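Understanding the architecture of this molecule
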Amino acid sequence: MGKPTSTAEPIAKSLEKEARFGAAFLRKYGLRLLLLFAGLVLPLWGFAELADEVREGEPFEFDEPILHFARDLANAGFDRAFLLFSALGYEWGVVPFDIALVLVLALKRRAREGLFAGLALGGSALLNMAAKQSFARARPSLWESIAPEATFSFPSGHAMGSMTLAWVCMLLAWRTRWRWLVTISAVAFTALVGLSRIYLGVHYPSDILAGWTAASVWVVSCFFLVFRHHHHPWQQRGIPKVA
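The paragraphs below set out a description of the structure included in this document.

**Considerations on the pattern of salt bridges**
One pass over the full model with this rule turns up four salt bridges. Here R137 makes a salt bridge to D63, at a shortest N to O gap of 3.3 Å. Within this pair, whereas R137 is found in the loop between α5 (111-135) and α6 (157-173), its partner D63 is found in helix α2 (residues 63-72), the two being separated by 74 residues in sequence. D63 matches R137 in its accessibility class, with the two residues each being buried.

Okay, here's the thing in structure tokens:
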């Protein structure tokens, strides 16, 4: 009689084949999966949680204590520094840089990179304006700010704009030798802009978090839309150039 056929060997081979396929898939698409999770799934969940509480008018327990802590740190040096970062986070920094970046990419005939930057940066600004009108959250009024604002508070336009620019620059630079310098600079700048808005008392910390999460979701969505089908920034093959 022949030896009985074992079912263990085919199962083991099947599992090994699946494992090899999974490993190969992660090697090829692991970075995109990580980006999808870190830049889309987690921020989307975070923004949804924040927006739900604001819509229901529920206060965040951490908002006022952080604002009072920032107020206790106030001095002339911090006033000057955070007024500067607040200005750089919008009209004197982010906005001019946004425009210049899109123009430079267009002049260099980098159509896909320019499209990505234009969609991400312009769309983020429009989304922020729409969200502010939709949630209509009043600004903090715990003290009289040295840089008062009259518009609605949620989500923070400075936080959203600076985070949008940070993501755009990081994603465009990621396959270049400048990626870590750009990433560290972008993260530091975005954090300082967000802190400046809390220090000045014109935003709740939850406004800042909402701006950061909304920007992350939007930019990563634009990235996957523009650089679909295995394209990536600066890839030569398959990139249409402006005539």
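**Side note on the layout of surface pockets**
Space inside the second largest pocket adds up to approximately 540 Å³. Around the second largest pocket sit 27 residues that line it, and Y90, A125, N128, M129 and G157 are the ones nearest its centre. The greatest single-element share of the lining of the second largest pocket, amounting to nine residues, is contributed by α5. Partitioned by chemical class, the residues of the lining of the second largest pocket number ten nonpolar, eleven polar and six charged.

**Re unusual backbone geometry**
Cis geometry marks the peptide bond from F154 to P155; its omega dihedral reads -10 degrees. Tracing the sequence through the fold places P155 in the loop between α5 and α6. Positive phi outside glycine occurs at R109, with the angle close to 60 degrees. With respect to the helices, strands and loops of the structure, R109 is situated in the loop between α4 (94-107) and α5. The phi angle at A136 is positive, at roughly 50 degrees, despite the residue not being glycine. Secondary-structure assignment places A136 in the loop between α5 and α6.

**Focus: the packing of α5 against helix α8 (residues 205-226)**
In the contact formed by α5 and α8, the axes pass within 9 Å of each other and the chain directions differ by 150 degrees. Our classification of the angle between α5 and α8 gives roughly antiparallel. Judged by the twist between their axes, the crossing of α5 over α8 is right-handed. Contact with α5, carried on its side by R112, L115, F116, L119, A120, G123, S124 and L127, involves W218, V219, C222, F223 and V226 of α8 and no other residues of that element. When grouped by side-chain class, the residues that make up the contact of α5 with α8 number ten nonpolar, two polar and one charged.

**A word on helix α3 (residues 76-88)**
Helix length check: α3 (13 residues) gives 18 Å between terminal C-alpha atoms against 18 Å at 1.5 Å per residue, within 8%. Those residues of α3 lying buried are F82, S86 and A87. Buried residues of α3, viewed axially, fall in a sector of 140 degrees; they line one side. Packed against the buried residues of α3 are α6 and α7 (179-199). The N-cap residue of α3 is N75: its side-chain oxygen and the backbone nitrogen of G77 are 3.0 Å apart.

**Comments concerning the side chain of K132**
Of note, K132 is situated in helix α5. Despite its burial, K132 pairs with no opposite charge; the closest candidate is D207, at 7.1 Å N-O. For K132, the side chain forms a polar contact with the main-chain oxygen of F152, separated by 2.9 Å. Discounting residues that sit within four places of it in the chain, K132 has contacts with R139, F152, S153, F154, P155, S156, G157 and H203.

**Remarks on the packing of aromatic side chains**
If you walk through the whole model with that rule in mind, you get twelve aromatic pairs. Judged by centre distance (6.4 Å) and plane angle (85 degrees), the rings of F47 and F135 are edge-to-face. One end of the pair, F47, is in helix α1 (residues 8-55); the other, F135, is in helix α5, with 88 residues separating them in the sequence. Each of the two residues, F47 as well as F135, counts as buried. Feature note: the residues F116, F223, F224 and F227 constitute an aromatic cluster, connected by ring pairs.

Cut-off values and rules
Residues numbered from 1 in each chain as written. Predicted model: local features only at pLDDT ≥ 70, side-chain atom pairs only at ≥ 80, totals over all residues. Heavy atoms only, no water. Salt bridge = Lys/Arg side-chain N within 4 Å of Asp/Glu carboxyl O. Helix = DSSP H or I, 4+ residues; strand = E, 2+ residues; numbered from the N terminus. Buried < 20%, exposed > 50% of the residue type's maximum accessible area, 1.4 Å probe, protein only. 1 Å grid on protein atoms, 1.4 Å probe; cavity = no way out; pocket = protein on both sides within 12 Å on 5 of 7 lines; lining within 4 Å. Points joined across faces, edges and corners; volume = space filled by probe spheres on them. Nonpolar A, V, L, I, M, F, W, Y, C, P; charged D, E, K, R; others polar. Axes fitted to C-alpha atoms, helices over the stretch in contact; angles between N-to-C directions. Parallel < 35°, antiparallel > 145°, perpendicular 65-115°, else oblique. Left-handed = near helix turned anticlockwise from the far one by under 90°. Contact = heavy atoms within 4.5 Å. Expected span 1.5 Å × (residues − 1). Arc of directions from axis to C-beta. Polar contact = N/O pair within 3.5 Å; in protein donor to acceptor, adjacent residues only side chain to side chain. Lys, Arg positive; Asp, Glu negative; His and termini not counted. Phe/Tyr/Trp six-rings, centres within 6.5 Å; stacked < 30°, edge-to-face > 60°.

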